[in-house]
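Structure assessment
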Amino acid sequence: MNATPEKADDLIVVGKIFSVHGVRGEVKVYSFTDPIENLLDYPRWTLKHEGKVKQVELVSGRGSQKGLVVKLKGLDDRDEARLLSGYEICIPRSLLPNLPVDEYYWYQLQGLKVINQDEHLFGKVDHLLETGANDVMVVKPCAGSLDDRERLLPYTEQCVLAIDLEAGVMRVEWDADF
């Protein structure tokens, strides 16, 4: 393992180490990629936790019932592997594949101001949730918001009218009373 981190502002969180697996230093990982195995396509990770940053290299990985089981280079001891529990797995944003026009990564939507068809500012996208039927945006109030309500809005074509990343705005079709 190496201690030289990537530039922090270029990193995107793509998973998290949550436990150890076995006695040979493997770790259990929850992947935020879709499908979860896509995390294994990135051979070098930056790990971050409570101000600590480490560079690691992936040796191998496989799917399991609750995520992935991963072997990292130079990590051969269960007790040492346990110390990585809680670390976020990050990669440079530049490594993410380009998306087709009008498709976005969740991190790109976070922080956008949400304005409805009546020009009411609902707040900003705090984060998104995967529900199975469709993704849901959690919109929290901000300075200038219509009110102090947190809103859960579906991330669907029917709700989202337009996204302007440069302006930092998402336009939605949503009644302010809901």
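Residues numbered from 1 in each chain as written. Predicted model: local features only at pLDDT ≥ 70, side-chain atom pairs only at ≥ 80, totals over all residues. Heavy atoms only, no water.

**Things to note about the overall build of the chain**
Tallying secondary structure elements over the chain gives two helices and twelve strands in all. Secondary structure elements of the chain, listed N to C terminal, follow the sequence β-β-β-β-β-α-β-α-β-β-β-β-β-β. Scored against the burial criterion, the 178 residues of the chain give a buried share of 35%. As presented, the chain carries roughly 10700 Å² of accessible surface, and 48% of it is formed by carbon and sulfur atoms. In the chain, 21 side chains carry a positive charge and 30 a negative one; their mean positions are 10 Å apart. (Helix = DSSP H or I, 4+ residues; strand = E, 2+ residues; numbered from the N terminus. Buried < 20%, exposed > 50% of the residue type's maximum accessible area, 1.4 Å probe, protein only. Areas by Shrake-Rupley, 256 points an atom, 1.4 Å probe, with all protein chains shown as cover. Lys, Arg positive; Asp, Glu negative; His and termini not counted. Charge placed at Lys NZ, Arg CZ, Asp CG, Glu CD.)

**Comments concerning the sheet that holds strand S6 (residues 88-92)**
A barrel is described by the order of its strands in space; here six strands give the closed sequence S1-S2-S5-S4-S3-S6, paired in antiparallel fashion. Sheet twist, expressed as the mean angle between neighbouring strand axes with direction ignored, is 50°. (Pairing = 2+ DSSP bridges. Axes fitted to C-alpha atoms, helices over the stretch in contact; angles between N-to-C directions.)

**Some remarks on the UniProt feature "domain: Ribosome maturation factor RimM PRC barrel" (unreviewed entry) in the chain**
The positions UniProt marks with the feature "domain: Ribosome maturation factor RimM PRC barrel" (unreviewed entry) are residues 106-175. From the first C-alpha to the last, residues 106-175 spans 23 Å; its make-up is 6% helix and 47% strand. (UniProt positions renumbered as here; feature names shortened; annotations may be inferred.)

**Description of the sheet that holds strand S9 (residues 135-140)**
Pairing is mixed in the open sheet, where six strands are placed in the order S10-S9-S8-S7-S12-S11. With partners counted over all chains shown, the strands left at the sheet margins are strand S10 (151-154) and strand S11 (160-164), one partner each. Adjacent strand axes in the sheet meet at a mean angle of 35°, parallel and antiparallel pairs treated alike. Pairing of strand S7 (residues 113-116) with strand S12 (residues 169-172) involves four bridges; the strand directions are parallel. Bridge pairing in S12 places Val114 opposite Met170.

**Some remarks on the confidence of the model for the chain**
For the chain, per-residue confidence averages 92 on the pLDDT scale, and residues scoring 70 or more make up 94% of the total. The weakest mean pLDDT in the chain belongs to helix H2 (residues 106-109) at 93; the strongest belongs to S12 at 98. (pLDDT = per-residue confidence, 0-100.)

**A closer look at the pairing of strand S1 (residues 11-21)**
Alignment of S1 against S6, held across five bridges, turns out to be antiparallel. Pairing of Ile12 across the sheet is with Ile91, part of S6. The pairing of S1 with strand S2 (residues 26-31) spans six bridges and is classified as antiparallel. By the bridge assignment, Gly15 is partnered in S2 with Ser31. If you look at the hairpin formed by S1 and S2, you'll find four residues sitting between the two strands, and Gly22 has a positive phi there, around 70°.

**Considerations on the environment of Val29**
Looking at the element boundaries, Val29 is found in strand S2. Separated by ten residues in the primary sequence, Val29 and Leu39 have C-alpha atoms spaced 9.6 Å apart. Not counting residues up to four positions away in its chain, the partners in contact with Val29 are Lys16, Ile17, Phe18, Leu39, Gly67, Leu68, Val70 and Ile89. (Contact = heavy atoms within 4.5 Å.)

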